[in-house]
Amino acid sequence: MLRILFVCTGNTCRSPLAEGLLRMRVHQEGIAAEVRSAGVSAVTGGSISRNSASLLEEAGFKEPISSLAIQGSEVKWADLILTMTVGHKRSVIQRYPEAIEKIFTLKEYVEDNLQILQATEEREQLVTELQLKQALTQPITAEERSRMFKLEQMIPDYDISDPFGGSIEVYRQTAEEISVSLDKLVRKIRKLL
């Protein structure tokens, strides 16, 4: 069984939406997966946002979800940790570096554009090389800076918009943004299983 943990800030808006919507999808598709969510700055046991709860209910999700502060036990439990933003990803990696291999942003994990995947891989290699050069106090060339800039321009923003404090329509837009990625995620999971 695949265990997926979604992570956002307070575990009240985005990650509970992703949790509920994916739980419904895997159940409908007959995929053996367990789905949870947590927050990097959450209070365990709190309520999720009224708008997230309304959208989940509207979608047909009936189970209660309450907020959870991310803990080592949740990180250890998960086979895959999908964050809502690059900032959340960094935060989880800083706290749990031993889990780096299974931590991605949701949009990054489901990226299926080959050119973007290649640019991302090249950027990661270049970042490593440039960090090593800096550590050795070697200069970074204009060509290296230019290549990094070009790669950054090719890679899309992998953050899912934060609806916190917004209207139900703002939450609906975020839920749609999450749903597009969840559709890709379900397809990817099917290929892996």
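Figured I'd write up the structure that's included with this text. (Residues numbered from 1 in each chain as written. Predicted model: local features only at pLDDT ≥ 70, side-chain atom pairs only at ≥ 80, totals over all residues. Heavy atoms only, no water.)

Our focus in this paragraph is the nonpolar core. Among the nonpolar cores identified, the biggest contains 33 residues, and Phe-6, Leu-22, Leu-106 and Leu-185 are the most heavily contacted of them. Mapped by element, the contributors of at least two residues to this core are strand 1 (2-8), helix 1 (14-29), strand 2 (33-39), helix 2 (50-59), strand 3 (80-83), helix 5 (106-109) and helix 8 (168-192). Leu-5, Ala-38, Val-92 and Ala-99 belong to the second largest nonpolar core, which has 15 residues in total. (Core = buried A, V, L, I, M, F, W, Y, C linked by side-chain atoms within 4.5 Å. Buried < 20%, exposed > 50% of the residue type's maximum accessible area, 1.4 Å probe, protein only. Helix = DSSP H or I, 4+ residues; strand = E, 2+ residues; numbered from the N terminus.)

Turning our eyes to something else, we now look at helix 6 (residues 114-135). The end-to-end C-alpha separation of helix 6 is 32 Å, in line with the 32 Å expected for 22 residues at 1.5 Å each. Residues of helix 6 that are buried: Ile-116, Ala-119, Thr-120, Arg-123, Leu-126, Leu-130 and Lys-133. In a view along the axis of helix 6, the buried residues occupy a sector of 145°, so they form one face of it. Exposed residues lying more than 90 degrees from the buried face of helix 6 are Leu-114, Glu-121, Thr-128, Leu-132 and Ala-135. For helix 6, the elements touching its buried residues are helix 7 (142-154). One side-chain oxygen at the N-terminal end of helix 6 lies 2.9 Å from the backbone nitrogen of Gln-115; it belongs to Asn-113. Just past helix 6, the residue Thr-137 takes up positive phi, approximately 55°. (Expected span 1.5 Å × (residues − 1). Arc of directions from axis to C-beta. Contact = heavy atoms within 4.5 Å. Polar contact = N/O pair within 3.5 Å; in protein donor to acceptor, adjacent residues only side chain to side chain.)

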